[in-house]
Amino acid sequence: MIGRIATAYQIELIKAFRSKLSYVGPILAILLVLMTPLLHPLRGDGENAYRFIAFATPTALNVLGLFLVLSFCASLISGETGTGSIRLVFTRPILRHEFVIAKLLIGFTYAITVSLLVAITAWAIAFAFGSASGVEFGGEMLFTSGAMLRAYLLGFALHLAPQFAFVSYAVMISSFMKSNAASVITSIGIWLLLDAVKYPLGISPMLFATYVDTPWEIFRAQADGLTLEWGDKVYWCLGTSLVAATIFSIAAIVTIHRRNFHG
């Protein structure tokens with residue numbers, strides 16, 4: 001099973017590398033970070049540099065980044081279903097759930113790639129035009145550069161949980177559809193609709209999308225010279241994301257198992 005999934009994943013990687021559209025998202029994410037100094041100028045001091053990173057990273061990942069991840073992942077299955085090429089896939093020695101798992105893995109790889117490029121670009125700008133040497137106040141070092149880096153890396157690791165939930169959600173939508181356009185529009189549309197009504201309906205605590213900004217709160221606070229402890233929101237972020245990712249992944253697998261691609 002693992003060998004077949006690995007082979008299918010390698011095929012997905014090759015397809016992604018050969019598709020010019022795969023490069024559009026990462027390039028747009030990098031460009032957004034490069035333009036961020038226009039909104040958040042760098043003064044050259046350490047505190048301002050970390051504030052820039054704290055602003056640029058979630059802005060790129062939680063706004064444009066989510067649209068990019070949803071668009072990419074929502075096209076992973078629907079396109080093959082619409083063209084009928086998925087029939088050829090199942091003539092190979094691969095089971096349907098292995099096919100879906102490979103799609104989830106390539107979607108998560110894309111999400112991590114976009115996130116890494118955003119992080120690297122933000123830190124590169126901070127080092128090039130600022131001073132990421134720690135956060136001081138009144139001549140006293142509040143947070144060393146090492147402490148700031150650890151806070152950022154922890155936030156980065158935590159943010160992967162809702163990222164995977166978004167990936168599995170989009171793949172699930174893709175498993176329902178026969179058109180890439182319909183799949184992308186549906187996945188983005190439902191997300192925006194739920195985001196608009198979650199507070200009026202009182203369902204925000206149960207939605208993983210509510211917590212996309214939570215992983216960056218500690219780093220943002222430290223960039224402002226404040227000490228903030230992890231609260232219950234972190235557990236809600238992890239819990240709702242993992243539960244949602246599991247449900248969406250299972251739904252996608254069940255859908256592909258039940259669909260008739262040979263009729």
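Since the structure is predicted, the reported quantities are computational estimates derived from the model, not experimental observations.

(A) The arrangement of the pattern of salt bridges in detail. Per the stated rule, a full pass over the model turns up seven salt bridges. The partner of Arg 4 in a salt bridge is Glu 98, and the shortest N-O contact between them spans 2.6 Å. Placement of Arg 4 in helix α1 (residues 2-18) and of Glu 98 in helix α6 (residues 96-129) is noted, with a sequence separation of 94 residues between them. Relative accessible area serves as the criterion here: at 0%, Glu 98 is assigned to the buried category. Between Lys 198 and Asp 195 there is a salt bridge, and its shortest N-O distance comes to 2.8 Å. The network of salt bridges with common partners includes Glu 12, Lys 15 and Lys 103.

(B) Looking closely at helix α10 (residues 232-258). Taking 1.5 Å of rise per residue, the 27 residues of α10 would be expected to cover 39 Å, and the 39 Å separating its terminal C-alpha atoms lies within 8% of that figure. Burial in α10 covers these residues: Val 234, Cys 237, Thr 240, Ser 241, Ala 244, Ala 245, Phe 248, Ser 249, Ala 252, Thr 255 and Ile 256. Packed against the buried residues of α10 are α6 and α7 (145-176).

(C) Up close: the nonpolar core. Among the nonpolar cores identified, the biggest contains 69 residues, and Tyr 50, Ile 53, Cys 73, Phe 166, Val 171, Trp 191 and Phe 219 are the most heavily contacted of them. Of all the secondary-structure elements, those providing two or more residues to this core are α2 (21-35), α3 (46-73), α6, α7, α8 (180-197), α9 (217-223) and α10. Contact partners of Ile 53, with chain neighbours within four places excluded, come to Pro 58, Ala 122, Trp 123, Ala 126, Tyr 152 and Phe 219.

(D) Examining the packing of aromatic side chains more closely. By the definition in use, this model includes 14 aromatic pairs. A centroid spacing of 6.2 Å and a plane angle of 75 degrees characterise the contact between Tyr 50 and Phe 219, whose relative ring orientation is edge-to-face. Placement of Tyr 50 in helix α3 and of Phe 219 in helix α9 is noted, with a sequence separation of 169 residues between them. Tyr 50 gets classed as buried once you look at its relative accessible area, which sits at 0%. Relative to Tyr 110, the ring of Phe 72 lies with its centre 4.0 Å away and its plane at 5 degrees, an arrangement referred to as stacked. Here Phe 72 is found in helix α3, whereas its partner Tyr 110 is found in helix α6, with 38 residues between them in sequence. Taking relative accessible area as the criterion, Phe 72 reaches 15% and is therefore assigned buried. Overall, Tyr 110 belongs to the buried group, its relative accessible area being 9%. Cluster of aromatic residues (ring-pair linked, three or more members): Tyr 50, Trp 123, Phe 127, Tyr 152, Trp 216 and Phe 219.

(E) Fine view of a nonpolar patch on the surface. Taken together, the side chains of Phe 17, Leu 21, Tyr 23, Val 24, Ile 27, Leu 28, Leu 31 and Leu 34 define a hydrophobic patch exposed on the protein surface, amounting to about 790 Å² of accessible area. The element that contributes the greatest number of residues to the nonpolar patch is α2, accounting for seven residues. Of note, Leu 31 is situated in helix α2. A relative accessible area of 42% places Leu 31 in the partly exposed class.

(F) Broad picture of the packing of α6 against α7. Where α6 contacts α7, the two axes come as close as 9 Å, and the packing angle between them is 145 degrees. As α6 packs across α7, the resulting crossing turns out to be right-handed. Only Leu 149, Tyr 152, Phe 156, His 159, Leu 160, Gln 163, Phe 164, Val 167, Ser 168 and Val 171 of α7 make contact with α6, whose side of the interface consists of Val 100, Lys 103, Leu 104, Gly 107, Phe 108, Ala 111, Ile 112, Ser 115, Leu 116, Ala 119 and Trp 123. Grouping the constituent residues of the contact of α6 with α7 by class yields 15 nonpolar, five polar and one charged.

(G) The arrangement of the packing of α7 against α8 in detail. Running from amino to carboxyl end, α7 crosses α8 at an angle of 130 degrees, the nearest separation of the two axes being 9 Å. Accordingly, the angle class assigned to the pair α7 and α8 is oblique. Along this stretch, α7 crosses α8, giving a crossing that reads as right-handed. In this structure, α7 uses Phe 166, Tyr 169, Ile 173 and Ser 174 to contact α8, whose residues at the interface are Ser 183, Thr 186, Ser 187, Ile 190 and Trp 191. For the contact of α7 with α8, the per-class residue count stands at five nonpolar, four polar and no charged.

(H) Seen up close, α1. Over its 17 residues, α1 runs 24 Å from end to end, which matches the ideal 24 Å to within 8%, given 1.5 Å per residue. Every buried residue of α1 is listed here: Ile 5, Ala 8, Glu 12 and Ala 16. One face of α1 carries all of its buried residues, which in axial projection span an arc of 85 degrees. Opposite the buried face of α1, by more than 90 degrees, sit the exposed residues Phe 17 and Arg 18.

Rules used in this analysis
Residues numbered from 1 in each chain as written. Predicted model: local features only at pLDDT ≥ 70, side-chain atom pairs only at ≥ 80, totals over all residues. Heavy atoms only, no water. Salt bridge = Lys/Arg side-chain N within 4 Å of Asp/Glu carboxyl O. Helix = DSSP H or I, 4+ residues; strand = E, 2+ residues; numbered from the N terminus. Buried < 20%, exposed > 50% of the residue type's maximum accessible area, 1.4 Å probe, protein only. Expected span 1.5 Å × (residues − 1). Contact = heavy atoms within 4.5 Å. Core = buried A, V, L, I, M, F, W, Y, C linked by side-chain atoms within 4.5 Å. Phe/Tyr/Trp six-rings, centres within 6.5 Å; stacked < 30°, edge-to-face > 60°. Patch = residues over 30% accessible without salt bridge, like charges linked within 9 Å, V, L, I, M, F, W, Y side chains within 5 Å. Areas by Shrake-Rupley, 256 points an atom, 1.4 Å probe, with all protein chains shown as cover. Axes fitted to C-alpha atoms, helices over the stretch in contact; angles between N-to-C directions. Left-handed = near helix turned anticlockwise from the far one by under 90°. Nonpolar A, V, L, I, M, F, W, Y, C, P; charged D, E, K, R; others polar. Parallel < 35°, antiparallel > 145°, perpendicular 65-115°, else oblique. Arc of directions from axis to C-beta.

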